Amino acid sequence: MTHGTLINYRTGEDIRPATREERMDSLHAALEDGGRGAFGTEDGLVCYVECRGVSCNDDRYGRSANPYDSPFDFQNMVSEEFSEEIDLIQDEAGWRDESGALVLVLA
C-alpha cells in the first residue's frame, strides 16, 4: 500500500514515498494547523504528505467511499452538517471520537 509522497513544505519538492507513520503524522498535524498537515522530520525539514486522505468509518456521519483530505476537513463537515463539534483521538487504527468509536481510517 502506498502512503503518499513526502513533500518539503517550503520548496514543494517531492522527497520520497512517505511511510505510514509520516502519513499519520501529517494527517494528525492537519487537525492543529488548519488543514496543512505540516510536521517536522527528524532531520529538521518541515514536510507534509500528499495522499488520498481519510474515510469515514461511522454510520452516524454517513460512511462514504469519497475520502476527506484530512481529519480537519471531516471535523468541518461534522460541524457544518451536524451542528456538533467532534474531538478526534489518533491511534494505530485511525481516529476515534471521545466514546472510543473508530470514526476515521486511512483511505
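This text goes with the structure placed above it.
Below: a short report on this structure.

Next up on the list: a negative patch on the surface. Taken together, the side chains of E21, D25, E42 and D43 make up a negatively charged region of the molecular surface. Here E42 is to be found in the loop between β3 (39-40) and β4 (46-50). For E42, a relative accessible area of 88% corresponds to the exposed category.

A separate point is unusual backbone geometry. Despite not being glycine, S83 has its phi angle at roughly 50°, a positive value. Assignment of secondary structure puts S83 in the loop between α2 (71-82) and β6 (89-90).

The biggest cluster of nonpolar side chains holds 16 residues, and the ones touching the most others in it are Y61, F74, I86, L88, W95, V103 and L104. Where this core is concerned, the elements lending two or more residues are α1 (20-32), β5 (54-56), α2 and β8 (102-106). Once residues within four sequence positions are removed from consideration, Y61 is found in contact with C56, F74, M77, V78, F82, E84, I86 and V103. The next biggest cluster of nonpolar side chains, apart from the first, holds six residues, and it includes A18, A29, F39 and C47.

Turning our attention to the pairing of β4. The alternating pattern of β4 places C47 and V49 on a buried face, while none of V46, Y48 and E50, on the opposite face, is buried. Pairing of strand β1 (residues 5-8) with β4 involves four bridges; the strand directions are antiparallel. Looking at β4, one finds that T5 is bridged to E50. By the bridge criterion, two bridges tie β3 to β4 in an arrangement that is antiparallel. The residue bridging G40 from the neighbouring strand is V46, located in β4. Counting the residues that bridge the hairpin from β3 to β4 gives five residues, and of these G44 lies at a positive phi of roughly 90°.

What follows is about the packing of aromatic side chains. Within the structure shown, the criterion is met by four aromatic pairs. Look at Y61 and F74: their rings are 5.7 Å apart centre to centre, the planes differ by 90°, and that puts the pair in the edge-to-face class. Residue Y61 is found in the loop between β5 and α2, and its partner F74 is found in helix α2; the two are separated by 13 residues along the sequence. The class for F74 is buried, based on a relative accessible area of 0%. Aromatic pair Y61 and F82: ring centres 5.3 Å apart, planes at 90°, arrangement edge-to-face. Here F82 lies in helix α2 and Y61 lies in the loop between β5 and α2, a separation of 21 residues in the sequence. Put simply, the rings of Y61, Y68, F74 and F82 pair up and form one aromatic cluster.

About the thresholds
Residues numbered from 1 in each chain as written. Predicted model: local features only at pLDDT ≥ 70, side-chain atom pairs only at ≥ 80, totals over all residues. Heavy atoms only, no water. Patch = residues over 30% accessible without salt bridge, like charges linked within 9 Å, V, L, I, M, F, W, Y side chains within 5 Å. Areas by Shrake-Rupley, 256 points an atom, 1.4 Å probe, with all protein chains shown as cover. Salt bridge = Lys/Arg side-chain N within 4 Å of Asp/Glu carboxyl O. Lys, Arg positive; Asp, Glu negative; His and termini not counted. Charge placed at Lys NZ, Arg CZ, Asp CG, Glu CD. Helix = DSSP H or I, 4+ residues; strand = E, 2+ residues; numbered from the N terminus. Buried < 20%, exposed > 50% of the residue type's maximum accessible area, 1.4 Å probe, protein only. Core = buried A, V, L, I, M, F, W, Y, C linked by side-chain atoms within 4.5 Å. Contact = heavy atoms within 4.5 Å. Pairing = 2+ DSSP bridges. Phe/Tyr/Trp six-rings, centres within 6.5 Å; stacked < 30°, edge-to-face > 60°.

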